[in-house]
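Observations on the model geometry
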Amino acid sequence: MKFTGVNLLDELKRDELGDLRDIFSERSWPAGAVIFDADETDNLVFIIAEGRVRVYLAYEDKEFTLGILGPGDLYATHAGCYVQALDNARLLAADVHAVKRCMTEVPAFTRTMVRVLGNILQNTFSIIGGLAFKDIYDRLMDYILIQARDSGETVVEGEDGELIVTLGLTVEQLAQLLGATRQTVSTLLNDMVRAGLLEKRGRGRFCIPDLTALKRAAAGLPGA
Ligand code: HEM
């Protein structure tokens, strides 16, 4: 679901929104820091000003990533999720009631909220579908295909173009996104390389030599 229009951060820079800007205070966290716990007592709405943050659920040693938010995205602490800085991150945070009073005046708030919650809901459906119907190998192939579709680049080296996909996550982060262990994801990636479905091209970067073969494998069809 995509909305064209102004980014919330740009919108907040407008002179007439000085009052709204003033309710937000700014704080930074280093990469890896847990910014909010699921049972955070302060009821805050926050906007990501810099870096990426991971929104996730955790129980004992299991974690499920529901979404990765970037600059201009917003979220709230009352959603009952953990929030962790993936990069060095800077957030603008304000009390939920203060935001409620002003949010109707700024359509970019609602648009951003629908986009962010829509993406998180989509990921959540995919996690539920995966847990219920698919094993981890299928889920990993699906993830790589989605990345190839959304951000794959064709790099021309020599005569031929190659489809390169950059996963943008460490194996550990990928495992958390897919609800698996780091060892399992690492083994499966190596299996896919051995099966000729992927070729390694540096850290988190892979070449897909034959997209159709990968799609057939993901669909469980023979001849991949
Ligand atoms: C983009 C993320 C979100 C934003 C900006 C946001 C913002 C808000 C605001 C401004 C209110 C009104 C507070 C008031 O009445 O004073 C509210 C209420 C509420 N939100 Fe969110 N929210 C977000 C995500 C979520 C999510 C993911 C959940 C559930 C998992 C959630 C659950 C609720 C509930 C249950 C209320 C009603 C609370 C009550 O009336 O006591 N919100 N939210």
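If you're wondering where the values come from, they're calculated on a predicted model, not measured in any experiment.

**A closer look at the sheet that holds strand 1 (residues 25-29)**
Spatial strand order, 1-8-3-6: four strands in an open sheet with antiparallel pairing. Because the sheet does not close on itself, it has two edges, and the strands there are strand 1 and strand 6 (74-76). Neighbour to neighbour, the strand axes of the sheet diverge by 30 degrees on average, direction disregarded. Sheet topology note: the strand 1/strand 8 (residues 89-95) ladder contains five bridges and is antiparallel. Paired with Ser25 across the two strands is Ala93, which belongs to strand 8. Contacting strand 3 (44-50), strand 6 and strand 8, helix 3 (residues 96-103) runs over the sheet at an angle of about 80 degrees to strand 8.

**Some words on the pairing of strand 12 (residues 205-208)**
Only one face of strand 12 is buried, namely the one carrying Phe206 and Ile208, since none of Arg205 and Cys207 on the opposite face is buried. Sheet topology note: the strand 11 (residues 199-200)/strand 12 ladder contains two bridges and is antiparallel. Each bridged residue has a counterpart across the sheet, and for Glu199 the counterpart in strand 12 is Cys207. Count of turn residues in the strand 11/strand 12 antiparallel hairpin: four residues, of which Gly202 carries a positive phi of about 100 degrees.

**Things to note about the site of the ligand**
Lining the immediate environment of the ligand, one finds 14 residues, of which Val45, Ala76, Ala79, Lys100 and Met113 sit closest. In terms of residue count, helix 3 provides more of the shell around the ligand than any other element does, four residues in total. Looking at side-chain class alone, the shell around the ligand contains 10 nonpolar, three polar and one charged residues.

**Describing the domain arrangement of the protein**
Interface size is often expressed as the accessible area that is lost when the parts come together. Taken domain by domain, the protein holds domain 1 (8-132) and domain 2 (134-218). Domain 1 puts eight residues into the contact, and the matching count from domain 2 is five residues. Looking at the side of domain 1 that touches domain 2, the elements that each hand over two or more residues are strand 5 (62-69) and helix 4 (107-133).

Here is what the cut-offs are and how they apply
Residues numbered from 1 in each chain as written. Predicted model: local features only at pLDDT ≥ 70, side-chain atom pairs only at ≥ 80, totals over all residues. Pairing = 2+ DSSP bridges. Helix = DSSP H or I, 4+ residues; strand = E, 2+ residues; numbered from the N terminus. Axes fitted to C-alpha atoms, helices over the stretch in contact; angles between N-to-C directions. Contact = placed C-beta atoms within 7 Å. Buried ≥ 20, exposed ≤ 12 C-beta atoms within 10 Å, placed from the backbone. Near = placed C-beta within 6 Å. Nonpolar A, V, L, I, M, F, W, Y, C, P; charged D, E, K, R; others polar. Domains from an automatic or database assignment.

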